[in-house]
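Residue-level listing of the chains:
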Amino acid sequence: MNLPIAISAPVQSALDAGHAVVALESTIITHGMPYPQNLETAQRVEAEVTTHGATPATIAVIDGALCIGLTNDQLTDLAQRSNVAKLSRADIAACVATGGTGATTVAATMIAARLAGIAVFATGGIGGVHKGAELSFDVSADLQELAQTEVTVVAAGAKAILDLNKTYEVLETLGVPVIAFKQDALPAFWSSTSDHAAPLRMDTATDIAAAHLMRRAMGLPGGQLVANPIPKADEISAANLAPVIAQALREAEDQSISAKEVTPFLLQRIFELTDGRSLTANIALVLNNARLASEIAKEICNRTKASD
Ligand code: PSU
Ligand code: MN
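Each chain carries its own residue numbering, running from 1 in the written order of its sequence. Chains carry letters and ligands carry numbers; both start at the beginning, A for chains and 1 for ligands, and go up in the order they are written. Only residues with pLDDT of at least 70 are given local features in this predicted model, and only at 80 or more are side-chain atom pairs given and counted; all residues enter the totals for whole chains, interfaces and linings. With hydrogens and water excluded, all non-hydrogen atoms of the structure serve as input to the side-chain values.

(A) Quick look at helix α8 (residues 141-148). Buried within α8 are the following residues: D142, L143, E145, L146 and A147. On the buried face of α8, the contacting elements are α6 (106-116), β8 (152-155), α9 (164-173) and β11 (224-227). The N-terminus of α8 is capped by S140, whose side-chain oxygen sits 3.1 Å from the backbone nitrogen of D142. Three exposure classes are used, based on accessible area relative to the maximum for each residue type with a 1.4 Å probe and protein chains only: buried under 20%, partly exposed in between, and exposed over 50%. Per the convention used, a helix needs a DSSP run of H or I reaching at least four residues, while a strand needs a run of E reaching at least two, with both numbered from the N terminus. Pairs of residues are marked as contacts when any of their non-hydrogen atoms sit within 4.5 Å. Polar contacts here mean pairs of N or O atoms no more than 3.5 Å apart (in protein, one a potential hydrogen donor and the other a potential acceptor; neighbouring residues in sequence count only if both atoms are side-chain atoms).

(B) Main features of the environment of P264. Mapped onto the secondary structure, P264 falls in helix α12 (residues 262-273). The contact partners of P264, leaving out residues within four places of it in the chain, are H31 and K86.

(C) Molecular detail of the side chain of S191. With respect to the helices and strands, the residue S191 is situated in the loop between β9 (178-181) and β10 (200-202). S191 gets classed as buried once you look at its relative accessible area, which sits at 3%. Setting aside its immediate chain neighbours within four residues, S191 contacts I230, E235, I236, S237, A238 and L241.

(D) Seen up close, the packing of helix α3 (residues 37-51) against helix α13 (residues 277-307). Only the stretch in contact is used when fitting a helix axis, every axis being a line fitted to C-alpha atoms; angles between N-to-C directions are given from 0 to 180 degrees. At their nearest, the axes of α3 and α13 sit 9 Å apart, and the two run at 25° to each other. Taken together, the axes of α3 and α13 are roughly parallel relative to one another. Between α3 and α13 lies a crossing of right-handed hand. On α13, the residues touching Q37, T41, R44, V45, E48 and V49 of α3 are L279, I283, V286, L287, A290, R291 and S294. Residue composition of the contact of α3 with α13, by class: seven nonpolar, three polar and three charged. Angle categories: roughly parallel below 35 degrees, roughly antiparallel above 145, roughly perpendicular from 65 to 115, and oblique for all the rest. For a crossing to be left-handed, the near helix must be turned anticlockwise from the far one by less than a right angle; the clockwise case is right-handed. The nonpolar class holds Ala, Val, Leu, Ile, Met, Phe, Trp, Tyr, Cys and Pro. Asp, Glu, Lys and Arg form the charged class, and all remaining residues, Gly among them, are polar.

(E) Region of the structure containing α12. Given a helix with a known number of residues, its expected span is that number minus one, times 1.5 Å. For α12, built from twelve residues, the straight-helix expectation of 16 Å at 1.5 Å per residue is met to within 8% by its first-to-last C-alpha distance of 16 Å. Buried residues of α12: V262, T263, P264, F265, L266, L267, R269 and I270, and no others. Where α12 is buried, its residues meet α2 (27-32), β5 (85-87), α11 (238-254) and α13.

(F) Structural detail: the nonpolar core. Take the buried residues of types Ala, Val, Leu, Ile, Met, Phe, Trp, Tyr and Cys, join any two whose side-chain atoms come within 4.5 Å, and each joined set is a nonpolar core. I68, I126, L171, W190, L225 and I296 are the most contacted members of the largest nonpolar core, which has 107 residues in total. For this core, the leading source of residues is α13, giving 13 residues.

(G) Spotlight on the pairing of strand β4 (residues 65-68). A two-sided burial pattern is seen for β4, the buried positions comprising A65 and C67 on one face and L66 and I68 on the other. When DSSP finds at least two bridges between two strands, those strands are taken to pair. As consecutive antiparallel partners, strand β3 (residues 55-62) and β4 are separated by two residues, and within that stretch D63 has a phi angle of approximately 45°, a positive value.

(H) Seen up close, the pairing of β8. Side chains T152 and V154 project from β8 onto one buried face, and the interleaved V153 and A155 project onto a second face that is buried too. Examined bridge by bridge, strand β7 (residues 120-122) and β8 share three bridges and lie parallel to one another. If you follow A122 over to β8, its bridge partner there is V154. As paired strands, β8 and β11 are joined by four bridges and run parallel to one another. Each bridged residue has a counterpart across the sheet, and for V153 the counterpart in β11 is L225.

(I) Quick look at the pattern of salt bridges. What makes a salt bridge here is a side-chain nitrogen of Lys or Arg within 4 Å of a carboxyl oxygen of Asp or Glu, nothing more. Within this structure, the stated rule accounts for twelve salt bridges. A salt bridge links R201 to D184; the nearest nitrogen and oxygen atoms lie 3.0 Å apart. Here R201, found in strand β10, pairs with D184, found in the loop between β9 and β10; they are 17 residues apart in sequence, far enough to count as distant. The exposure class assigned to R201 is partly exposed, which follows from its relative accessible area of 39%. E251 is paired through a salt bridge with R269; the nearest N and O atoms lie 2.4 Å apart. Placement of the pair is E251 in helix α11 and R269 in helix α12, with a sequence separation of 18 residues. In this structure R269 comes out as buried when scored by relative accessible area, which is 19%. Linked through salt bridges whose partners overlap, the residues forming this network are E134, D163 and K166.

(J) Broad picture of the packing of aromatic side chains. Note on aromatic pairs: the rings of Phe, Tyr and Trp (six-membered ring only in Trp) are paired at centre separations within 6.5 Å, and the planes decide the class, stacked below 30 degrees, edge-to-face beyond 60, tilted for the rest. Tallying each qualifying case throughout the model produces one aromatic pair. An angle of 75° between the planes, with centres 4.8 Å apart, marks the rings of F189 and W190 as edge-to-face. Accessibility expressed as a relative area gives 1% for W190, which makes it buried.

Structure follows, in structure tokens:
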């Protein structure tokens, strides 16, 4: 059976030439940010990747095609649509098979990136273990994906709405390398630091690329999580955010928000409760992640060529 994969011309020629490509997800566009900031951010992130010498490949399922690299018209359409499906490992194949349209989460974007031969992916923050998961069992499929799909994901850590302790415990159990960039503590999405010590610390894109390739050489399945702190100038302190996150979580519980709706609901409420400051920080951290991902992607290409 043929896979209906549509790789855009610029992405295909970068892949053919062995040039750096950075995968980007689409759920952040459809479910993570309001219009029009979602579209502006998606365009700025692509431009940031280009400026840093790599080719951006935003990924989504459109009318049954697994699209790797979107046109500006496709990006604009996706950003304005409501009720687009939020796709993860469980439902991406069903969406493609039935000719549907959907945005890819971290898990689904990793699957698509691997199919296209893209090693590095930049996003905002991964999903993880939700607070109260001991009762709700709400654990993002992003964690399992990191354990099995060979893509290095650059994020500002797990989103601070989650139970970070449990999230990092699960990643350790699953054998996922969690690498803080240039600091000893893990970042916490909107905040540059946290009281969680990072299991690994690296200070250069070169080291991160070398670790990615060494896992491949050793036959270790799965990816790496690079936890890249938001620039200090753009951060919101964890102390300022704590009451806002607590209120959003209470409201989600009162309104019985569940399953895939939880994360979009919390992000939207925190946006409202911070008068938009959470969104400004979210945009800054995604751009920062796009820069680092581009450097890592270039290093992986250089090292792969050098060993050919
Ligand atoms: N990063 C952001 N905003 C987002 C996301 C990441 O800055 O909205 C998305 C990613 O697609 C991630 C998803 O996979 O949130 C997590 O959803 P859940 O908690 O339902 O697994
Ligand atoms: Mn969930």
